[in-house]
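Listed here are the chains, written in short residue letters.
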Amino acid sequence: MLTVNLKKIAVSVVLLVALSFVALYFWGKYQLETVVASDDDIASFVEHTAVTPDYVAGSREPCIDQNPNKNAYFGALHIHTAVSGDAAGLGTTTSPADAYEFARGQSLEMRLRHDAADKSVPVMALDRPLDFAAVTDHAWGSAEPYICLNPGAKGYESTVCRVFRRDITLPIDDPVIKSIFGMMPMMVFKARSKRICGDGAIDCLEATAEVWEQTQQAAEAAYDRSSDCRFTTFVGYEYSLNQEGSNLHRNVIFANGTVPPSPLTAAEAKTPELLWSWLERNCNDAGVGCDALTIPHNSNWSSGRMFFPYTLSGYSREEQKRLAILRNKMEPLAEIIQVKGDSECRNGLSRVFGQPDEYCDFEKLRLPEAEVEDCMDSFGSGGMLQRGCVSRWSFVRYGLIEGLREEKQLGVNSLKLGIVAATDNHNGLGGAVSESNWLGSAGTNFDPRNRLREPFEIPTMARADATRFNPGGITGVWAEKNNREALFGAMQRRETFGTSGPRISPRFFGGWHYDSKICDSPGLLTEAYANGVPMGGDLPEPVSKDETPAFLVTATMDSGGDATPLQKIQIIKGWTDDDGNMQQKVIDVAGDASSTATVDTLTCERSGGGHASLCGVWRDDEFDAGQSAVYYSRVMEVPTCRWTTHDCNRFSEAERPNICSSLSVPETIQERAWTSPIWYSAPGASEQAGSGRKTGAGQ
């Protein structure tokens, strides 16, 4: 009898456990249910011509400082604050207004949302203010934290929001993984959360528009409209598109305060082409004074999708050309480095010929020496998870060369990209690029032990290695003055450059009549502009078939108090051969071929040589007038300590994290700057000279 009862009890327990799991499954499925907005509802929010809000001033004072030969202005075009769902999920409390104040030189207390009131927290400040900035929060993912953190919002009491706020604590001990899972409800959906966004996602569409208005107001309030012209802001946002785990993100930058009433997000537009068409329709071609451009970033995470050519797509030739023209018009720039790694180049990729470039190993998330599958003549998936194949079309240099091949076939170069750089940190700290004082890219990294922890697996995601991240870079713009009109115009004509952090000032000109004596000329810049084109420009056709182009390069080291000298300037030339292969050549033009300077990694003190400024002229004696080519310059500093070395040195020998002894973590770094390219198009290669873009209207 007892045996029978025990069997009944056991069966009952098994059934109860099974029913509990079933109930938990359906409860979880209910909580994580997603919803997709209808086309009509999306159109009711985003299909509106750009407008100028009442709070946008209609005029500004002329700038006192105006230089016809242009000044170098430094800024940040990729900043995330607590408006972004991932940043808010990691505890960031910095607002867009805070981010602009930080960029202007104000100190900022880095208190996270979950910090105790009496906790001592870091205080950050730039050693010098920036000249310009754009807060570019994720438009997709901005509505959810807004709802979850505002009592009274319809979805505020949802279980998903309670997990996000940590009202419900996940049974996870690791603080980093707990923070990451806290943001997951905002980031993993292919559509929006029904519990947060409501039926039809209407609540999130409305919240996105409200947050967008607050972002615009912050940019307007921080813009210096006085004649001092000390600080310029741009309205912007990030279009955060992922395809099969591959990154296709873009930052959208508007020329002035005339912008669409609500942004188009990747939740509603599943291809970059839809974004460009929407901007063209509602902004650039709307005739209301609106102008915008897009900037792709982290092509290194794109599995080859970022710069995959239209000529290899399944589109008809007519459609390929239409899309190439659209991209050429809307996307004049590319971000070459940020916290998630360098996207310039990588050695060993298929169909890329020429000598290996030792400086292509710089700040790679996937180790340069790692054996990785090559995507060959296709693209892959999983790049954001550090998985899958690696493609030449994931890197800016090879995108530039691919554009030459596409131009030859379509008559238009859709990959005619100038160069910028950014931080992309999620603390609101635009321009915080110091190797010696870096807090990491998000709130979980404020503790140096988290920055220096061993690589670990994030369940359902990827292998995380914080030491592979870096402080990111900064954008430089050559413009006559520091206001929206001048800076945006320079971005459109690609007279821009990017640096890995230091405020190096590089110049790059191409022409047919430069010689080495120009470096000694007191009128160097006037002559350079008069006799050639600056970075971002197109070489005209040679007058005779025997002419060869000459390139003038100059650079000045950062003017900061503890700045690092320069080592050398290089020019990188790219072209395609008759078989469609990519060819590259790296030429040392000025400075020292190899560095004589050294750095003591125990003290980070430098010794040895270096240059405060450099200038040189290189003539391309292998030039073929029948072969299109692209050229850009790269300026190298002498070696200094990497951020990981600075962090490791702050620990005693007994307390130093194990990762400090890892051979995979570089001890030193050579900071650098990259200029936008100069293009040469062989006769008949292009049907449109230049980009044909207008200069942005200023407000």
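Because the structure is predicted, anything quoted here is derived from the model rather than measured.

Q: Whenever I open this one, the overall build of the protein chain confuses me. Can you help?
A: For the protein chain, the count of helices and strands is 16 helices and 33 strands. What you see for the protein chain is a C-alpha radius of gyration of 26 Å, in line with the 27 Å of a compact globule of 699 residues. In terms of its C-alpha atoms, the protein chain occupies a principal-axis envelope of roughly 105 × 65 × 55 Å. The proportion of buried residues among the 699 residues of the protein chain is 60%. Partitioning the contacts of the protein chain with sequence separation of at least 6, the portion at a separation of at least 24 is 78%. Side-chain charges of the protein chain comprise 66 positive and 91 negative groups, with the mean position of each set lying 4 Å from the other.

Q: Explain the side chain of His 297 to me, please; I cannot follow it from the model alone.
A: Note on placement: His 297 falls in the loop between β11 (292-296) and α11 (317-330). A distance of 3.3 Å separates the side chain of His 297 from the side chain of Asn 298, its partner in a polar contact.

Q: Sorry, what's going on with the nonpolar core here?
A: One recurring pattern in soluble globular proteins: nonpolar side chains tend to sit buried together. Tyr 237 and Phe 254 are the most contacted members of the largest nonpolar core, which totals 132 residues. In terms of residues, this core owes the most to one element, helix α9 (residues 202-222), which gives 7 residues. When residues no more than four places from it in sequence are discounted, the contact partners of Phe 254 are Trp 212, Phe 234, Val 235, Tyr 237, Val 259, Pro 260, Leu 279, Cys 283, Cys 290, Asp 291, Ala 292 and Phe 488. Tyr 73, Phe 234, Ile 253 and Leu 487 belong to the second largest nonpolar core, which has 18 residues in total.

Q: Would you mind showing me how to read the packing of helix α10 (residues 272-284) against α11 here?
A: Working note: a packed helix pair is described by the angle between its axes plus the distance between those axes. Between α10 and α11, the least distance of the axes is 10 Å, while the angle of their chain directions is 65 degrees. Read as a crossing pair, α10 and α11 show a hand that is left-handed. Taking contact as the criterion, the partners of Glu 273, Trp 276, Ser 277, Leu 279, Glu 280 and Asn 284 in α10 are, on α11, Leu 323, Leu 326, Arg 327, Lys 329 and Met 330. Its residues assigned to classes, the contact of α10 with α11 comprises 5 nonpolar, 2 polar and 4 charged.

Q: Explain unusual backbone geometry here, please?
A: Positive phi, normally seen in glycine, also occurs at Cys 229, with a value near 50 degrees. Tracing the sequence through the fold places Cys 229 in the loop between α9 and β7 (232-239). Its relative accessible area of 6% is what places Cys 229 among the buried residues. In this structure, Asn 298 takes a positive phi of about 55 degrees despite not being glycine. Within the fold, Asn 298 resides in the loop between β11 and α11. Classification of Asn 298 as buried rests on a relative accessible area of 1%.

Q: Quick question: what am I supposed to make of the layout of surface pockets here?
A: The method is simple in principle: a probe with the dimensions of a water molecule rolls over the atoms, and the space it marks as empty is what remains. Space inside the second largest pocket adds up to approximately 760 Å³. The wall of the second largest pocket is formed by 30 residues, among which Asp 127, Ser 434, Glu 435, Ser 436 and Asp 562 lie closest to the centre. Among the elements of the structure, β27 (605-607) and β30 (640-641) are those that each provide at least two residues to the lining of the second largest pocket. For the lining of the second largest pocket, the class distribution of residues is 10 nonpolar, 10 polar and 10 charged.

Q: Could you clarify how one ought to interpret the environment of Asn 328 in this entry?
A: Residue placement: Asn 328 occurs in helix α11. Look at Asn 328 and you get buried, because its relative accessible area is 3%. Between the C-alpha atom of Asn 328 and that of Ser 414, which follows or precedes it by 86 residues, the distance is 4.6 Å.

Q: Quick question: what am I supposed to make of the pattern of salt bridges here?
A: One pass over the structure, following the stated rule, counts 39 salt bridges. Where Glu 622 meets Lys 585, a salt bridge forms, and the shortest distance between an N and an O atom there is 3.1 Å. Highlighted residues: Glu 622 in the loop between β28 (613-619) and β29 (629-637) and Lys 585 in strand β25 (residues 582-591), separated in sequence by 37 residues. For Lys 585, a relative accessible area of 31% gives the class partly exposed.

Q: So what exactly am I meant to see when it comes to empty space enclosed by the protein here?
A: Applying the stated criterion across every chain, the model contains 7 cavities of 30 Å³ or more. Roughly 150 Å³ of internal volume is contained in the largest cavity. Taken together, 16 residues form the lining of the largest cavity, with Asn 300, Arg 346, Arg 366, Val 390 and Phe 395 sitting closest to its centre. Of the volumes computed, that of the second largest cavity is approximately 80 Å³. Forming the boundary of the second largest cavity are Val 83, Asp 137, His 138, Ala 139, Ser 142, Thr 208, Val 211, Trp 212, Thr 215, Gly 236, Tyr 237 and Pro 263. Looking at the lining of the second largest cavity, the elements that each hand over two or more residues are α9 and β7. The element that contributes the greatest number of residues to the lining of the second largest cavity is α9, accounting for 4 residues.

Q: Sorry if this is basic, but what is going on with the packing of aromatic side chains here?
A: Any aromatic ring pair is given by two values, namely how distant the centres are and how the planes are angled relative to each other. For the structure shown, the criterion picks out 19 aromatic pairs. Each ring, one from Phe 308 and one from Phe 379, has its centre 5.0 Å from the other, and the planes form 90 degrees; the classification is edge-to-face. Residue Phe 308 is found in the loop between β11 and α11, and its partner Phe 379 is found in the loop between β15 (352-353) and α12 (396-410); the two are separated by 71 residues along the sequence. Aromatic pair Phe 509 and Tyr 529: ring centres 4.9 Å apart, planes at 85 degrees, arrangement edge-to-face. Of this pair, Phe 509 sits in strand β21 (residues 505-511) while Tyr 529 sits in helix α15 (residues 524-530); the two residues are 20 residues apart in sequence, bridging distant segments of the chain. Each of the two residues, Phe 509 as well as Tyr 529, counts as buried. One aromatic cluster is present, formed by Phe 508, Phe 551, Trp 618 and Tyr 631 through successive ring pairs. Just above the ring of Trp 679 sits the side chain of Lys 416; from NZ or CZ to the centre is 5.5 Å. Over the ring of Trp 478 we find Arg 507, and its NZ or CZ is 3.5 Å from the ring centre.

Q: Is there a simple way to think about the state of the cysteines in this case?
A: Note: disulfide means a covalent bond formed between the sulfur atoms of two cysteine side chains. All chains considered together, the criterion is met by 9 disulfides. Cys 604 shares a disulfide with Cys 641; S-S distance 2.2 Å. Looking along the S-S bond of the Cys 604-Cys 641 disulfide, the torsion reads about -100 degrees, which is the left-handed sense. Of this pair, Cys 604 sits in the loop between β26 (598-600) and β27 while Cys 641 sits in strand β30, and the two are 37 residues apart along the sequence. The burial state of Cys 604 is the same as that of Cys 641; both residues are buried.

Q: For this particular structure, what's the right way to read the sheet that holds β28?
A: Within a sheet, neighbouring strands are paired by backbone hydrogen bonds and run either parallel or antiparallel to one another. The sheet built from 4 strands is open, its strands ordered β22-β21-β23-β28 with antiparallel pairing. Looking at which strands have only one partner, the edges of the open sheet turn out to be β22 (532-534) and β28. Here the strands of the sheet are splayed against their neighbours by 20 degrees on average, with no regard to which way each runs. Sheet topology places β21 next to strand β23 (residues 550-556); 7 bridges connect them, and they run antiparallel. Residue pairing in the sheet places Gly 510 in a bridge with Phe 551 of β23.

Q: It is not clear to me how the side chain of Arg 346 should be interpreted in this structure. Could you clarify?
A: Along the chain, Arg 346 turns up in the loop between β14 (341-342) and β15. Within the local environment of Arg 346, its side chain forms a polar contact with the backbone oxygen of Leu 367, the two atoms lying 2.7 Å apart.

Criteria and cut-off values
Residues numbered from 1 in each chain as written. Predicted model: local features only at pLDDT ≥ 70, side-chain atom pairs only at ≥ 80, totals over all residues. Heavy atoms only, no water. Helix = DSSP H or I, 4+ residues; strand = E, 2+ residues; numbered from the N terminus. Rg over C-alpha atoms; globule rule 2.2 N^0.38 Å. Buried < 20%, exposed > 50% of the residue type's maximum accessible area, 1.4 Å probe, protein only. Contact = heavy atoms within 4.5 Å. Lys, Arg positive; Asp, Glu negative; His and termini not counted. Charge placed at Lys NZ, Arg CZ, Asp CG, Glu CD. Polar contact = N/O pair within 3.5 Å; in protein donor to acceptor, adjacent residues only side chain to side chain. Core = buried A, V, L, I, M, F, W, Y, C linked by side-chain atoms within 4.5 Å. Axes fitted to C-alpha atoms, helices over the stretch in contact; angles between N-to-C directions. Left-handed = near helix turned anticlockwise from the far one by under 90°. Nonpolar A, V, L, I, M, F, W, Y, C, P; charged D, E, K, R; others polar. 1 Å grid on protein atoms, 1.4 Å probe; cavity = no way out; pocket = protein on both sides within 12 Å on 5 of 7 lines; lining within 4 Å. Points joined across faces, edges and corners; volume = space filled by probe spheres on them. Salt bridge = Lys/Arg side-chain N within 4 Å of Asp/Glu carboxyl O. Phe/Tyr/Trp six-rings, centres within 6.5 Å; stacked < 30°, edge-to-face > 60°. Lys NZ or Arg CZ within 6 Å of the ring centre and 35° of its normal. Disulfide = S-S within 2.5 Å. Pairing = 2+ DSSP bridges.

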